[in-house]
Every structure is written in C-alpha cells, then in structure tokens.
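# Commentary on secondary and tertiary structure
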Amino acid sequence: MFPRFIFLFFSLLSFLRSVHMSGCDESCTNKPVFTPSSLVVRFGDSTSANCSVCEDACVRNKYDVETPVGRRTKIGSTVLWTVKALTEWSPSSMCYYSNDTGHQCCTYLPVTVYQPPHKVSISVNHTGPMMEGHRYTLQCTVEDVAPVKNLFVTFYRGQTALGLPQSINRPDEESVTQNFPLDINPGREDDGAEFWCEAKLELGPEGPKLPPVETSQKITATVHYQPHLEGSSYTDPIKVQEGELLQLNCSAVANPPAVYTWTYGSKIIEVSDNVFTINSTTVSDGGKYTCSVVNKMGNVTREFDVEVQRVEVTTTPSTTTTSTPTSTPRSTPTTTPSIPTTTTPSTATTMRPTSAPSCSGGCPMLRRFFMCFMLLFTTLV
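Below, the structure is looked at part by part. (Residues numbered from 1 in each chain as written. Predicted model: local features only at pLDDT ≥ 70, side-chain atom pairs only at ≥ 80, totals over all residues. Heavy atoms only, no water.)

### Description of the packing of aromatic side chains
Under the convention used in this document: Pairing of aromatic rings covers Phe, Tyr and Trp, the last through its six-membered ring, and needs centres within 6.5 Å; plane angles under 30 degrees mean stacked, over 60 mean edge-to-face, and all others mean tilted. Going along the chain from the N terminus, every DSSP run of H or I of four or more residues is numbered as a helix, and every run of E of two or more is numbered as a strand. Throughout this description, buried means an accessible area under 20% of the type-specific maximum (1.4 Å probe, protein chains only), exposed means over 50%, and partly exposed covers the range between. Counted as over-ring charges are cases with an Arg CZ or a Lys NZ within 6 Å of the ring centre that also lie within 35 degrees of the ring normal.
One pass over the structure, following the stated rule, counts seven aromatic pairs. With centroids separated by 4.4 Å and ring planes inclined at 10°, the aromatic side chains of Tyr156 and Trp196 adopt a geometry described as stacked. Note that Tyr156 is positioned in strand S13 (residues 151-157) and Trp196 in strand S16 (residues 194-201), a separation of 40 residues in sequence. You'll find Tyr156 and Trp196 in the same group, each marked buried. Members of the aromatic cluster, connected to one another through ring pairs, are Tyr234, Trp262, Tyr264, Phe276, Tyr289 and Phe304. When the ring centre of Tyr63 is taken as origin, the NZ or CZ atom of Lys74, which lies over that ring, is 4.6 Å away.

If you want it as structure tokens, here you go:
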C-alpha cells in the first residue's frame, strides 16, 4: 500500500510539473536567468545553481524553482538551488515567476548527469587462430555508462586507431551497457598484433577538463597465413666460378611454420632448410634449382638458374736470357816455334805463321816435319 502511495505521489508531481512547464513562456523578455546556464554533474556528486528571477518588482508575485531534488533557498529575487548528492538521472530544473495578470515566465536549466564506464572489455567472435582473408568481428562492451549518447568508442591495433570513433544516438539518460562492433579482415601483418578499445565521454566545455576515459584489456591475435617469400626474385642467371661457394636463399615467413623442399631438375635434394649450399661448385652443378615452401594455408615456389663457369688453366713459358758471344772464335792454345825473319835490302817480307794443328800431349814427328818445311820455305824465298 505504501509503495503504491509513493508512486502516485511522484506521478502527481510529474503531472503538475508538466502542466506548469506547458503553460510557461520561455520567450518572454524579462525571463529568469540561471547561473551557470547549464550543469554537468557526476552521479552522486553535489551541485548548485542560482536563479535570478526578475527585478524587485516581481518579488511580490509568485516565483520559485521547480526541481525533483535538492533544496531551494529564496534570497530576495534570487533562488539558490543546492543538492548534496545528485542521484537522479533527470534532475533538470525550471525557474519561473508569474506577473500581475498570472502569465508565467520561465527558464529551463539543463542538467547532465554522467557516469564513467564501470568496465570496458574487448572480445572477438571466434576462438583459436584466425585465418588470413577471413572476416571477424571485434566487440567493445562498455558497462554502466551514462549518458550513452555522449559516449565515443575507438578501436586500436597497437597504437593505431582503426577508423573513426563510434557513437550511438540513444535517448537513455540513466546508465546502460552498450556494445560496439568492428569488422576486420586480418592478414599476416596482424599476426601477433594487440587489439583493444577505448571508451570516452565527451561532455562539452561544462564537463570535466579531462574527459572520463576507460580502456579495455588487450587481446593478441594469432593469424594463420600462407608462406610469403622474403627478398626479391632472381630473374637473371646466378653465375659462379668453378670451385667457388654457392648459396641459394629461399627464406619465407609463414604461420604455421612452412616446410622447404629443394629440387634440381626433377631430382629431389635432401635439404629441408631455407638455404641450399654447395661449398665447392663444379661445372655439373649448373642448372635449374626449385625451392617449394608449403604449409596448410598454401604454398609458394622460387626458381634459381645457376651457371658454373669453367676456370681455364693457362701455362706461361719461362723466359731465359742467354748471352751470345760475337764472332770471336774461342782461341785454342797453340805451341808455335819462333820463326826467324830474313831481311833484304830491297824487299822485306814478313811471313805470318799459319795455325798448326793442335797436338795435345805432344806430337814429335809432326813438329819436326813442320819445322823442316818452314826452314825450306824460308831458304827458297
């Protein structure tokens, strides 16, 4: 019975207030003035405002401040409205007065009661790793916030905002819980990235200097994607000299990790690493090598055309300098007897000895023959 009575009482007050406001003129010339002209109050905090009703001439007429909460104090033509703890979501007040003819003139005081978010959380409509190229929805849930029409939510990847802040045009004045969605198409660059959201109440210049802000926890994305080769591809043949080191790099990024397979022509090489190495190449190592990188998301290949150039071995002849004597014959020691020279008064003839054959070890008979021949020749001349 008692709760029903309370309900009827407040219903009657609301009805009378609506009747009062509907018959009130807000465009009159000498209307009441609230100071400040609007209020932004956190739910549960205290607040106050003054209403200068009119000039002293209207003091004898009826004037007051209509409000569902707080205390009203009249000081001359001013009404002071105070609230110790504002716990109403719609406490907007009206200051009015009636002139001699009963015409009412009034001013409305806008009061915004706000409540910072009690909790902000982020989730995704999927469990387990996300797949590259698939669409997923992030959801930012803001709990117990008011007024929701002043709420702006921003999604982040790391420190980068994903799109513009989101808001909702909802007339609720009391605290509510609101969800905000965002669709994403993750790629390999999102693997390991952190996603989170931020909720901010924008309350205007009458609100707190620092707008109330709450952030969610961070969720780390795991994205599976097919292998992507690193570095540039080789369009020209790779040329090495015979005997040199050959290394072919087929590095790729992939999640889950990829498996590497190397082939030379149609022959599979027993190498499962991303780098294929030949320490000392031969001419027979030239040809086409193919690297295949595979995981469950897909595969990719890279080809290498290798030319091994033969090293030509050349022999350079050594140069020897030989000293060649001029046309001076090697002299052979010869034993020649002294030949006497005969001089006549008219003619002097000098005989030049001829070379006698060498007689190593002595030739007595030959020497004697030669000496006799020379004596005979001299005598005849």
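The discussion continues.
### Thoughts on the state of the cysteines
A covalent bond between the sulfur atoms of two cysteines is referred to as a disulfide. Note the cut-off: Throughout, disulfides are identified as pairs of cysteine sulfur atoms within 2.5 Å of each other.
Following the criterion strictly, the structure yields five disulfides and no others. One disulfide in the model links Cys24 with Cys106; its S-S distance is 1.5 Å. Here Cys24, found in the loop between helix H1 (2-22) and strand S1 (33-35), pairs with Cys106, found in strand S8 (residues 104-109); they are 82 residues apart in sequence, far enough to count as distant. On the accessibility criterion, Cys106 (3% relative accessible area) is buried. Between the sulfur atoms of Cys28 and its disulfide partner Cys105 the distance amounts to 1.5 Å. Across the S-S bond linking Cys28 and Cys105, the dihedral sits near 55°, which makes this disulfide right-handed. Residue Cys28 is found in the loop between H1 and S1, and its partner Cys105 is found in strand S8; the two are separated by 77 residues along the sequence.

### Considerations on the pattern of salt bridges
To be explicit about the condition: The salt bridge criterion pairs a side-chain nitrogen of Lys or Arg with a carboxyl oxygen of Asp or Glu, the two atoms within 4 Å.
Counted according to the given criterion, the structure contains four salt bridges. Residues Asp172 and Arg170 are paired through a salt bridge, measuring 2.7 Å at the closest nitrogen-oxygen approach. The exposure class assigned to Arg170 is partly exposed, which follows from its relative accessible area of 25%. Between Glu303 and Lys288 there is a salt bridge, and its shortest N-O distance comes to 3.9 Å. One end of the pair, Glu303, is in strand S27 (residues 298-309); the other, Lys288, is in strand S26 (residues 287-295), with 15 residues separating them in the sequence.

### Topic: the sheet that holds strand S11 (residues 130-131)
Keep this limit in mind: Whether two strands pair comes down to DSSP finding at least two bridges between them.
With mixed pairing, three strands are arranged side by side in an open sheet as S11-S19-S22. A single partner strand is all that each edge strand has here, and the edge strands are S11 and strand S22 (252-255). Relative to strand S19 (residues 223-229), S11 is paired through two bridges, and the arrangement is parallel. Residue Met130 lies in a different strand from S19, and its bridge partner there is Val223.

### Details of the sheet that holds strand S10 (residues 119-124)
What counts here: Here the axes come from fitting lines to C-alpha atoms, over the contacting stretch only for helices, and the angles between their N-to-C directions go from 0 to 180 degrees.
Pairing in this open sheet of three strands is antiparallel, and the strands run S10-S12-S15 from one edge to the other. Of all the strands in the sheet, the pair left with one neighbour each is S10 and strand S15 (176-184). Going across the sheet, the axis of each strand differs from the next one's by a mean of 15°, ignoring polarity. Here strand S12 (residues 136-145) runs beside S15; their pairing, made up of eight bridges, is antiparallel. Counterpart to Tyr136 in the pairing with S15 is Ile184.

### Section: the pairing of S16
Among the eight residues that make up S16, six are buried, leaving the element largely enclosed by the rest of the structure. Two strands pair when backbone bridges link them, and S13 and S16 are joined in this way by seven bridges, in the antiparallel orientation. Bridge assignment links Leu151 to a residue of S16, and that residue is Leu201. Both S16 and strand S18 (residues 219-220) contribute to a ladder of two bridges, which runs antiparallel.

### Section: the nonpolar core
Worth spelling out the cut-off: Residues enter a nonpolar core if they are buried and are Ala, Val, Leu, Ile, Met, Phe, Trp, Tyr or Cys, with the set joined through side-chain atoms within 4.5 Å.
Core analysis: the biggest nonpolar cluster contains 25 residues, and Cys140, Val142, Leu151, Val153 and Phe155 have the highest contact counts within it. Counting residues per element, the ones that place at least two in this core are S10, S12, S13, S15 and S16. Looking at this core element by element, the count peaks at five residues for S12. Listed in part, the 21 residues of the second largest apolar core include Cys28, Tyr63, Leu109 and Val111.

### Notes on the environment of Phe43
Of note, Phe43 is situated in the loop between strand S2 (39-42) and strand S3 (47-52). Residue classification places Phe43 among the partly exposed positions, given a relative accessible area of 27%. Between the C-alpha atoms of Phe43 and Gln115, which are 72 residues apart in sequence, the distance is 5.8 Å.

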